[in-house]
Number of protein chains: 2
Amino acid sequence: MEGKRVYTFGNKCAEGNGKMKELLGGKGANLAEMNLIGIPVPPGFTITTEVCAEFYKHGMTETIAIMRNEVERAMAYVEKLIGKKFGDEKNPLLVSVRSGARASMPGMMDTILNLGLNDKTVVSIADLSGNERFAWDSYRRFIQMYGDVVLGMKPESKEDHDPFEEIIDNLKERKNIKLDTDLKAEDLKELAVEFKNAVKAKTGKEFPSDPWEQLWGAVCAVFSSWMNERAVLYRKLNNIPAEWGTAVNVQAMVFGNMGTNSATGVAFTRDAGTGENVFNGEYLVNAQGEDVVAGIRTPQQITMQGSRRWAELQCIKEEERARKYPSLEEVMPAAYKELFEIQEHLEEYFSDMQDIEFTIQEGKLWMLQTRSGKRTGAAMVKIAMDMLREKQIDEKTAVMRCEPQKLDELLHPVFDPAALKKADMIAKGLPASPGAATGQIVFFADDAEKWAAEGKNTILVRVETSPEDLKGMTVARGILTARGGMTSHAAVVARGMGKCCVSGAGEIVISYKDRTMTVGGKIYKEGDWISLNGSTGLIYTGKIATKDPEMTGDFAELMKLTDKYAHLKVRANADVPRDAEVAMGFGAQGIGLCRTEHMFFEGDRIKAVREMILADDEEGRRKALAKLLPIQRGDFEGLFKTMNGYPVTVRLLDPPLHEFVPHFEAEMREMAEDMGVSFEKIKTRIESLSETNPMLGHRGCRLGNTYPEITEMQTCAIIEAAMNVEAKGGEVHVEIMVPLVGNNKELKYQKDIIDKTAAEVFAERNRIIKYQVGTMIEVPRAAVTADEIAEYAEFFSFGTNDLTQMTLGFSRDDVAKFLPVYLEKGLLKHDPFEVLDVDGVGQLVREAVFKGRTTKEHLKCGICGEHGGEPSSVEFCHYAGLNYVSCSPFRVPIARLAAARAAIKQGI
Amino acid sequence: MEGKRVYTFGNKCAEGNGKMKELLGGKGANLAEMNLIGIPVPPGFTITTEVCAEFYKHGMTETIAIMRNEVERAMAYVEKLIGKKFGDEKNPLLVSVRSGARASMPGMMDTILNLGLNDKTVVSIADLSGNERFAWDSYRRFIQMYGDVVLGMKPESKEDHDPFEEIIDNLKERKNIKLDTDLKAEDLKELAVEFKNAVKAKTGKEFPSDPWEQLWGAVCAVFSSWMNERAVLYRKLNNIPAEWGTAVNVQAMVFGNMGTNSATGVAFTRDAGTGENVFNGEYLVNAQGEDVVAGIRTPQQITMQGSRRWAELQCIKEEERARKYPSLEEVMPAAYKELFEIQEHLEEYFSDMQDIEFTIQEGKLWMLQTRSGKRTGAAMVKIAMDMLREKQIDEKTAVMRCEPQKLDELLHPVFDPAALKKADMIAKGLPASPGAATGQIVFFADDAEKWAAEGKNTILVRVETSPEDLKGMTVARGILTARGGMTSHAAVVARGMGKCCVSGAGEIVISYKDRTMTVGGKIYKEGDWISLNGSTGLIYTGKIATKDPEMTGDFAELMKLTDKYAHLKVRANADVPRDAEVAMGFGAQGIGLCRTEHMFFEGDRIKAVREMILADDEEGRRKALAKLLPIQRGDFEGLFKTMNGYPVTVRLLDPPLHEFVPHFEAEMREMAEDMGVSFEKIKTRIESLSETNPMLGHRGCRLGNTYPEITEMQTCAIIEAAMNVEAKGGEVHVEIMVPLVGNNKELKYQKDIIDKTAAEVFAERNRIIKYQVGTMIEVPRAAVTADEIAEYAEFFSFGTNDLTQMTLGFSRDDVAKFLPVYLEKGLLKHDPFEVLDVDGVGQLVREAVFKGRTTKEHLKCGICGEHGGEPSSVEFCHYAGLNYVSCSPFRVPIARLAAARAAIKQGI
């Protein structure tokens, strides 16, 4: 069948089938399949996606020439089945022309109905149907649709007048008519004439009356619509490659608008919102396809049960409902029964919840489309687990039915949809951390703390956040920043906390001095209420009611399933027992990253930290570190106790020291007083710490290598804590991780200090415990020299945040300056801080795993960057042969699901 | 001979030879070789470097056991030749024990003379020599030397008293003696006793009297000295691996201190300072080895001619000279004649200028050492080219004799050595750009310009420099910065200019407000004179006279030779015709990097640049760019004219835009007025440009991709300039280089703009010219995806500065914070911004070259980072298969020489 461009279907036969989605598109493949399983479908044919590619290569004329013969043959096949002839003046066949890509792109591309009508065939249709109004309404609709889609009559923007609507309005005014439905056959005839005149006036050409000319125009317009703005945008958002192209489906028209025994509707085999196993949907009597979704008339419910539930919500009494909004089940019981059976058949056949379209023409039911239905995260999980229990699908399929990213919806509070509809959007930022939050604007972290203590809900609004804001972030309901990307400090910390955050809202101008934020010319003061949607990045004025996520039993069941199939283990990034508990609750199998520096900010510790940083010499540093030792030991004890028996990877101090020192004069003066040294000295020392590019500066193991006493103290705290917890019957698996290693000498130097310090503790306590020493792989040089580094490492943990920064040369704090343009121009497919750059960074990860394991065959490899919680990146980690991923506690379920899917995909 | 640990020599026989430097060390191998060619050398034997390795593996006792038999056999051989017996009380053989590594490490390790003396043998020596004083002096010297080196009597620091010197001082005081030479035999006897007592008092053990025990102790002490602090430091500075180890040479003693017919001396076969072909050196009558270099007595010249020249310089009259400081030629004509013939023989035999040591014992000449002599850059070139003309060496050898790094001395002004001796050093920074400079302190670039206009010599002193300081840097005699490393802005720009610069002088505290710099508690004001030595990093107070480098004809000859052998072409990094001319003068074969942004700072252009940056929209930017177009075109015309026929690689705008805007309020206000907009607007816009990590920010092609109009303007300027120059008969080979590409889409996007713009210029002028489009490879991701990038690139130029920053995660502006510690602790071997990190960055370079050429077989590859002028990096570039290196104009000769040496080394 190579080179075949057109595939017919109809009357329980089809040249294609449901598996041919690449060639026929989803709609075309399913239309074929429905025929093959005996579902009534109007006959027609599908022009393949390959012809779309030819269209973009050779242009319109050549493409028509290439496909003409096959299309004519297919049309003849349809004519024969229907007993009408395309273009025949007496008994004309009318067709619909619809797009249909490999992946569903609802409403993105164009559709043309009633094609084949002209001044002559319209008369025959009127005669044959005995319904002149129907015939002329169909004709004027066709001219309008064809004019818009093929002839470019559509207004450029929404503000411009639609020339066709203008004509209708004029006519209604002239004739003093209110509703479209009041237009008579005569009026519609008049409209058809005026429409054609308008086309000629604007395009300079007559409206095409030759049905074949109409057809070629429509087919090519559908191909063209693959590249229209909304389709391009949709593909970008949904990662659909442009080269896939669309197929075109040409089908004999059936009419839901041929009177009161005709109808059209859409339905779902289960509830797409909740997943409940109930058939549901909407229909309209005497209406054509698009009317149901257009929202001009109120659609009615298909089932009796659905209708009653709907009426209840609308506060409509049963009597009124039955009279004005009866269900299809009541109005056309025979057709309903057939529809019900077909939907059951389709769901069973395709083993998934279906989204179907149908038309009833004079009592006869026709199916126009079936496809897997879009659903919410909650519905996704419930349907998968229900169908598993119903034995409609097996375990692997249930897992594959659940998209990891959609699980996110189940993990955060959300706005009440009704309240959201009424809300006023004021700006848009990046959807940095999902969830919904409503609170009063506060600009400073300590105010947030104060207000929270008073029981106020706050939204912390900052240009950017820093580790100093941590406590304020913890107590705020949501965080809004004017700068920073998806992996800015605010975003990363918020995601770690499972807290709503919108970052990088560039339109917002913040004045700390005036305590105001200005956006779109309007000023918002401290204390004003705003609301954030962290899942969309939208910012609203005022309060919006939120609701808590529902954690159903199905969700837990699904998670159990994932563990059965996943190869990758999933750990969490957690620094304190509270986070560790959340992570364990989500099924984390260890901590992959405990950032010790986050422990440095609380309470009085920061003073000791600062004392250490500002000390003149090693002796001074050791004095300050001695104060920190018991505190850190206590922190680790808490963590080890919580993670009893699970591994905990503790990273040694990583950020540059200037992150810990005060940056304002008042604070510096306070510190000088506390430490009993001059303000000037403090100031000079702090200034000397500043760096041009802190990301590439004095941080990571470079600290421990210049100040070995820091590593000594941290090691001592870790080992002593582990011994203390074990002494009380706990089980500790501690992995000490050296950050920012670039060459093996750096790692060896740190490992020597760690081993020496541990040996000293062991000698002192006359007991030993096991521990491992490993390293982050986050500097490109570490990746390319991983064989050497593995000599001293018992594990690798890929810090893909920093590895991305350095491999791509992107500062994640600054990338918002050009990233939007890059995404828009297609110079990047994704934000590389969100989705792992498999081709670049991924190459280095694979190389490092390979080289590391040439040195140590069973080297444990994991990832602890933000990517560890992003599904496609988790999939990459599976293929790269990592042992585990580690992510924010709130993303653990997503990672577990992604890991299971990757393993199932690989076919193991 | 495998496993042989000891090699004897003596009496024109030797078990080793001159080629066995790895095993016998340089000294041992040459001692053997001298024997083989009939030079009189005291007989002895060499213990191999492999024994040194055994010593570090097994320790002293085992090592002695391993070598004992062979050493005894060798000693017997020496005894037989000399007719004395080691340890014999009547006719004792005395020996010297000296270190001798593979590479010469003068004065770094320990030497022991007169070994074999004890209370009994000293008496025999006195009897045999008939010189009691000589015997006891030798004995007390031996105890002293052995005590220091083997028994640990040496004081810990220079401040502590040497116990032996203290004893001498006490005795002299007691006996009222002034000079050591006035000590009588009796006194020396007394000293020997007291010395031995002191040893016992400190070590608790008797001084060893058994010559064999003495020998084993001395041999092991020499092995130990391989790891002493100064040896470790020397190796680090000279890149000598620790695993080489040292050999030990044991030789029968000959005595230059046996009376007035004895002498000892060192000499060079040619002048080590100038390269002049004259035998020269110094000697002392009646002296032992170390006395000549110890500086207690004034050494005399060996040759008559040398002696006269010396006296002239010292203003000593001929009569006095001949009486007090006669030459060896005068004093011992026979020995001199023999010495002269031997040095001629040695130089001819080794085909290189030799540094020799000799001793004359009672009229008999003995050679103690010969080795290739260290020499200045000027001498290096002259000697190589002289010897080539003398046909002593061939062309390749002449090239290999010249170390590229030493050429640097020939390329910059230097301090007058006499003046330097008297100068006061006040601080030390990094030797960022060689040369010498004297001038008045100035803190601001515009003051430097003003003062220069008044004819003043200035030293621009800044915390750091920025592109705004460019003009000031151009006119200053030297640049001093308190921050920044070897590749900071100041260092890079200064090297580019061939201007003296000392960077990162951390001790200096600069107050711009007070216009002072403080160092070591002393305040230097604006206008005070200081001097900088950019070759050493030393900073002096006051003026020091400088002299211009001498460019001899030999230098030019050498450069011609390099071109004959080098595979790599050498281009220069130059932005303006002036620099290009310098580069051409040094033999550059093109421009490998023209940084267009450097053109943006001069005069009124910066205003247009700022207008472009601060424009609200594309239209505004285009307006400003239109002003820049003719200026840039003019710049390029100048450059293309200068480089007539040679390739010129023009890099599109690279630095982040905030580098061009003013950072002080006054300037911002001025700008606001100039542009007719509000100060607030200017301020806000400038603030919005600031970045956390500018290195990884909005720069390079990210600018051209967000603002394509910048690329359009620059392309237009380049192409039009090339056409204009060609129209006037010039020949232009222009290569347009896109910076900071990370993926091939970015390059394609830029290339499309360039090609479209060029096509428009061609269409307008109805003529076309050739041009190439290529890219920098400086982002690690570009290196790992080089196969894809090569699809759109006609050449790759490795920007190893940035590639190093990103691959290692080092910010070159901040690296001074930990680099010194890293170098000290051996965590890094070199500053990676100075010497290319072959194992890390080099892997990426090789990978990119390989991948790039899988896509385009003959892809032109070069390097334009600072490493392009560093010899070992140039060698790497040769092996990596690059086509060219590009470096600062003043380093072009160095790169040419390095390129030739690499090719010769490879044996092609």
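Conventions and cut-offs
- Residues numbered from 1 in each chain as written.
- Chains lettered and ligands numbered in written order.
- Predicted model: local features only at pLDDT ≥ 70, side-chain atom pairs only at ≥ 80, totals over all residues.
- Heavy atoms only, no water.
- Helix = DSSP H or I, 4+ residues; strand = E, 2+ residues; numbered from the N terminus.
- Buried < 20%, exposed > 50% of the residue type's maximum accessible area, 1.4 Å probe, protein only.
- Contact = heavy atoms within 4.5 Å.
- Areas by Shrake-Rupley, 256 points an atom, 1.4 Å probe, with all protein chains shown as cover.
- Lys, Arg positive; Asp, Glu negative; His and termini not counted.
- Charge placed at Lys NZ, Arg CZ, Asp CG, Glu CD.
- Arc of directions from axis to C-beta.
- Buried area = accessible area lost by both parts, 1.4 Å probe.
- Salt bridge = Lys/Arg side-chain N within 4 Å of Asp/Glu carboxyl O.
- Polar contact = N/O pair within 3.5 Å; in protein donor to acceptor, adjacent residues only side chain to side chain.
- Nonpolar A, V, L, I, M, F, W, Y, C, P; charged D, E, K, R; others polar.
- Pairing = 2+ DSSP bridges.

A. Expanded view of the overall build of chain A. When its secondary structure is counted, chain A shows 37 helices and 34 strands. The dimensions of chain A, computed from C-alpha atoms along their principal axes, are 105 × 60 × 55 Å. Looking at chain A residue by residue over its 908 residues, the buried ones come to 58%. Within chain A, counting contacts between residues at least 6 apart in sequence, those at least 24 apart form 68% of the total. Summed over all atoms, the accessible surface of chain A reaches about 36,800 Å², with 51% contributed by carbon and sulfur. Averaging the coordinates of the 114 positive side-chain charges in chain A and doing the same for the 134 negative ones gives two points 2 Å apart.

B. Expanded view of helix 19 (residues 445-453) of chain A. Residues and elements named next belong to chain A. Those residues of helix 19 not exposed but buried are Ala-445, Asp-447, Ala-448 and Trp-451. Relative to the axis of helix 19, the buried residues are bounded by an arc of 155° and lie together on one face. Where the residues of helix 19 are buried, they touch strand 17 (436-442), strand 18 (458-462) and helix 20 (470-475). Once helix 19 finishes, Gly-455 follows within two positions and takes phi at roughly 85°, a positive value.

C. A look at the interface of chain B and chain A. Contacts between the two partners involve 51 residues from chain B, matched on the other side by 51 residues from chain A. Together, Leu-696, Arg-781 and Leu-827 of chain B form the three largest contributors to the area buried by chain B at its contact with chain A, with a combined 14%. For the pair chain B and chain A, the interface holds two salt bridges. The residue Arg-781 of chain A makes a salt bridge to Asp-837 of chain B at a minimum N-O spacing of 2.6 Å. At the boundary of chain B and chain A, one finds 36 residue pairs in polar contact (both at pLDDT 80 or more). Residue composition of the side of chain B that touches chain A, grouped by class: 19 nonpolar, 17 polar and 15 charged.

D. Local environment of unusual backbone geometry. Residues and elements named next belong to chain B. With a phi close to 50°, Ser-351 is a non-glycine residue in the positive phi region. Structurally, the position occupied by Ser-351 is in the loop between helix 14 (333-350) and strand 10 (354-361). Of note in the backbone geometry, Glu-362 takes a positive phi value of approximately 45° without being a glycine. Tracing the sequence through the fold places Glu-362 in the loop between strand 10 and strand 11 (364-372). Residue class for Glu-362 comes out partly exposed when judged on its relative accessible area of 43%.

E. Representation of the sheet that holds strand 10 (residues 280-285) of chain A within the structure. Here five strands make up an open sheet; going across it, the order is 11-10-9-12-13 (chain A) and the pairing antiparallel. Across the chains shown, the open sheet's two edge strands, defined by having one partner strand only, are strand 11 (300-301) and strand 13 (364-372) of chain A.

F. Here's a closer look at the pattern of salt bridges. Residue and element names in this part refer to chain A. Using the criterion set out here, one finds 130 salt bridges over all chains in the structure. Taking the shortest distance from any N to any O, the salt bridge between Glu-276 and Arg-309 comes out at 3.5 Å. Of this pair, Glu-276 sits in the loop between strand 9 (263-268) and strand 10 while Arg-309 sits in helix 11 (residues 304-313), and the two are 33 residues apart along the sequence. You can call Glu-276 partly exposed: its relative accessible area is 29%. Between Arg-389 and Asp-554 there is a salt bridge, with the nearest N and O atoms lying 2.8 Å from each other. A residue pair is termed long-range when its members are at least 10 positions apart, and Arg-389 in helix 15 (residues 377-389) and Asp-554 in helix 22 (residues 553-565) qualify at 165 residues. Using a relative accessible area of 11% as the deciding quantity, one classes Asp-554 as buried. Within this structure, Arg-174, Lys-175, Asp-187, Glu-190 and Glu-194 form a network of salt bridges that share partners.

G. The arrangement of the side chain of Ser-138 of chain A in detail. Along the chain, Ser-138 of chain A turns up in helix 5 (residues 132-149). Those residues in contact with Ser-138 of chain A that sit more than four places away from it in its chain are Asn-114, Leu-117, Phe-255 and Asn-257 of chain A.

By themselves, these figures tell us nothing about what the structure is for.
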